[in-house]
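# Tertiary structure, described
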Amino acid sequence: MAVIDLAIDTIFQQRFRSNPSSGAGTFEECVEGDGTIQNGGTSADRFDYLCNNDGGGNFTEDRLYFAFDIGGGIPADGTITAISLLLYTDNNSQNITDSDYMKSRIVKSTATDATTPNGATTGNAYTIGINNGSDVTIGTGDNTENEFDFGDGDLFDYCVAQHTAGARCAFWHMSKLVFDEILAGDGSATDPSGANRNNFDGDTGANPPVLRVTFTPAPAPPVQDLKVNGGSLKISSGELKIF
C-alpha cells in the first residue's frame with residue numbers, strides 16, 4: 001500500500017450574488033446562479049468563502065474550486081483504495097453568525113479542465129448529487145486540518161474513473177447552507193441570517209490543499225528462470241546463488 005499527497009493543480013474562487021432588482025432577491029436565486037457570478041482570484045495565500053445575508057434581498061456566496069491531476073499523479077496500474085481532500089483553516093478575519101455555515105460538503109465539478117473562473121460556465125458546472133456524503137464541520141483554529149473522506153461513494157467512484165481515464169478530478173467546496181439550498185431547489189432550505197466569513201489556505205499559503213490518495217501498486221513481474229545455453233556468465237560483483 002502506498003499514499004501520495006497530490007498538490008493542487010488549479011484553485012479559484014467565484015462570488016455569487018442575488019439580484020434584488022429582478023424582483024426576487026432570494027438566497028435560492030443567489031446560489032443557483034440566477035443573479036450575478038463574479039470571477040475571483042486564481043492564486044493566493046488564503047481564499048475566503050462568504051455566505052451572507054446582506055439585508056434587503058441581498059445575498060452573497062463564495063464558492064471555491066479545486067482540481068488535481070489524479071490521472072498523472074498516481075501510477076496508471078495502481079488500484080486506488082481511499083481518497084481524502086484536506087483543506088486547512090486560515091482564521092484571518094473570521095466571522096461566524098450561523099453554525100451551519102461551518103459545515104461543508106465537497107461536490108463534483110463538471111468543469112474538469114478549467115484553469116480560470118468563467119462566470120456561469122464554471123460556476124454552475126457541478127453535480128450536486130455526487131459529493132463526499134456527509135457534512136464536515138470546519139475547525140475554527142488557524143492551520144486546522146479539515147478532512148473530507150470520500151469513503152466508497154459516488155465521489156470516490158468519480159475520482160477512480162478520472163484516474164483510469166488519465167484525467168483530472170475537480171470539486172467545489174460549498175457551505176452546508178449553500179449545499180442544502182441547491183439540493184432542495186425550491187427555496188425551502190435555511191437562509192443565512194447574517195454575515196459569515198472563513199478562509200482556507202490557498203496554493204501559496206502555509207498549508208495548501210491536498211488530495212490524499214491511498215493505492216495498491218501493481219505487483220512486481222514474476223522472476224524469470226535464468227538459462228545459459230552457451231558462452232560464459234560473468235559476475236562483476238556480489239554473488240550468485242543457485243537453489
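A brief report on the enclosed structure follows. Quick caveat, the model's predicted, so the values are computed rather than measured.

## Let's talk about the overall build of the chain
Assigned secondary structure in the chain consists of 5 helices and 13 strands. For 243 residues, the compact-globule formula gives about 18 Å, and the C-alpha radius of gyration of the chain, at 23 Å, lies well above that figure. Out of the 243 residues in the chain, the part that is buried amounts to 45%. Restricting the contact set of the chain to residue pairs at least 6 apart, pairs at least 24 apart contribute 82%. Charged side chains in the chain number 14 positive and 33 negative. The centres of these two groups are separated by 8 Å.

## Re the side chain of Asp90
Its place among the elements puts Asp90 in strand β6 (residues 79-95). Side chain to side chain, Asp90 and Arg46 meet in a polar contact 3.0 Å long. Here the side chain of Asp90 touches Asn92 through a polar contact of 3.1 Å, landing on its backbone nitrogen. The residues contacting Asp90, other than those within four sequence positions of it, are Arg46, Asp142, Asn198, Asn199, Phe200 and Asp201.

## A word on the packing of aromatic side chains
Any aromatic ring pair is given by two values, namely how distant the centres are and how the planes are angled relative to each other. What the rule picks out here adds up to 9 aromatic pairs. Each ring, one from Tyr49 and one from Phe200, has its centre 5.0 Å from the other, and the planes form 15 degrees; the classification is stacked. With Tyr49 in strand β4 (residues 46-55) and Phe200 in strand β12 (residues 197-201), the pair connects residues that are 151 residues apart, well separated along the chain. With respect to class, Tyr49 is no different from Phe200; both count as buried. Taken together, a centroid distance of 5.4 Å and an interplanar angle of 65 degrees make the contact between Phe150 and Phe171 edge-to-face. Taken together, the residues span a long stretch of sequence, with Phe150 in the loop between β10 (145-149) and α4 (154-164) and Phe171 in strand β11 (residues 169-175) at a distance of 21 residues. Considered together, Phe150 and Phe171 belong to a single accessibility category, that of buried residues. Clustering of aromatic rings is evident, with ring pairs tying together Phe68, Phe150, Tyr158 and Phe171.

## Re the state of the cysteines
Covalent bonding between the sulfur atoms of two cysteines defines a disulfide. Within this structure, the stated rule accounts for 0 disulfides. Free cysteine Cys30: the closest other cysteine sulfur is in Cys51, separated by 7.5 Å. Given a relative accessible area of 0%, Cys30 falls into the buried group. The closest cysteine sulfur to the non-disulfide-bonded Cys159 is located on Cys169, 4.1 Å from its own sulfur.

## Topic: the pairing of strand β7 (residues 103-109)
Each regular strand carries side chains that alternate between the two faces of the sheet. Within β7, 6 of the 7 residues are buried, leaving the element largely enclosed by the surrounding structure. Summarising the sheet, β7 and strand β9 (residues 136-137) pair through 2 bridges and their orientation is antiparallel. In the sheet register, Ser104 faces β9, and the bridge partner there is Val136. Examined bridge by bridge, β7 and β11 share 5 bridges and lie antiparallel to one another. Directly across from Val107, in β11, lies its bridge partner Trp172. For β7 and strand β8 (residues 126-131), the ladder comprises 3 bridges, and the chain directions are antiparallel. Bridging from a neighbouring strand, Lys108 pairs with Thr127 of β8.

## What to know about the nonpolar core
Phe68, Ile70, Ile83, Phe150, Phe171, Met174 and Leu211 are the most contacted members of the largest nonpolar core, which has 55 residues in total. Ranked by residues supplied to this core, first place goes to strand β5 (residues 58-68) with 6 residues. Those residues in contact with Leu211 that sit more than four places away from it in its chain are Ile4, Asp5, Leu6, Phe68, Ile70, Ile83, Ser84, Leu85, Phe150, Cys169 and Phe171.

## Observations concerning the pattern of salt bridges
Scanning the model with the defined rule gives 10 salt bridges in all. The salt bridge involving Asp9 is made with Arg168; its shortest N-O contact spans 2.8 Å. Residue Asp9 is found in the loop between β1 (2-7) and β2 (10-17), and its partner Arg168 is found in the loop between α4 and β11; the two are separated by 159 residues along the sequence. The exposure class assigned to Asp9 is partly exposed, which follows from its relative accessible area of 44%. Here Lys176 and Asp135 are joined by a salt bridge, their closest N and O atoms 3.3 Å apart. Of this pair, Lys176 sits in helix α5 (residues 176-184) while Asp135 sits in the loop between β8 and β9; the two residues are 41 residues apart in sequence, bridging distant segments of the chain. Of the residues examined, Lys176 reaches a relative accessible area of 16% and is grouped as buried. Judged by its relative accessible area of 30%, Asp135 is partly exposed. Through salt bridges that share partners, Arg105, Asp135, Lys176 and Asp180 make up one connected network.

How each quantity is defined
Residues numbered from 1 in each chain as written. Predicted model: local features only at pLDDT ≥ 70, side-chain atom pairs only at ≥ 80, totals over all residues. Heavy atoms only, no water. Helix = DSSP H or I, 4+ residues; strand = E, 2+ residues; numbered from the N terminus. Rg over C-alpha atoms; globule rule 2.2 N^0.38 Å. Buried < 20%, exposed > 50% of the residue type's maximum accessible area, 1.4 Å probe, protein only. Contact = heavy atoms within 4.5 Å. Lys, Arg positive; Asp, Glu negative; His and termini not counted. Charge placed at Lys NZ, Arg CZ, Asp CG, Glu CD. Polar contact = N/O pair within 3.5 Å; in protein donor to acceptor, adjacent residues only side chain to side chain. Phe/Tyr/Trp six-rings, centres within 6.5 Å; stacked < 30°, edge-to-face > 60°. Disulfide = S-S within 2.5 Å. Pairing = 2+ DSSP bridges. Core = buried A, V, L, I, M, F, W, Y, C linked by side-chain atoms within 4.5 Å. Salt bridge = Lys/Arg side-chain N within 4 Å of Asp/Glu carboxyl O.

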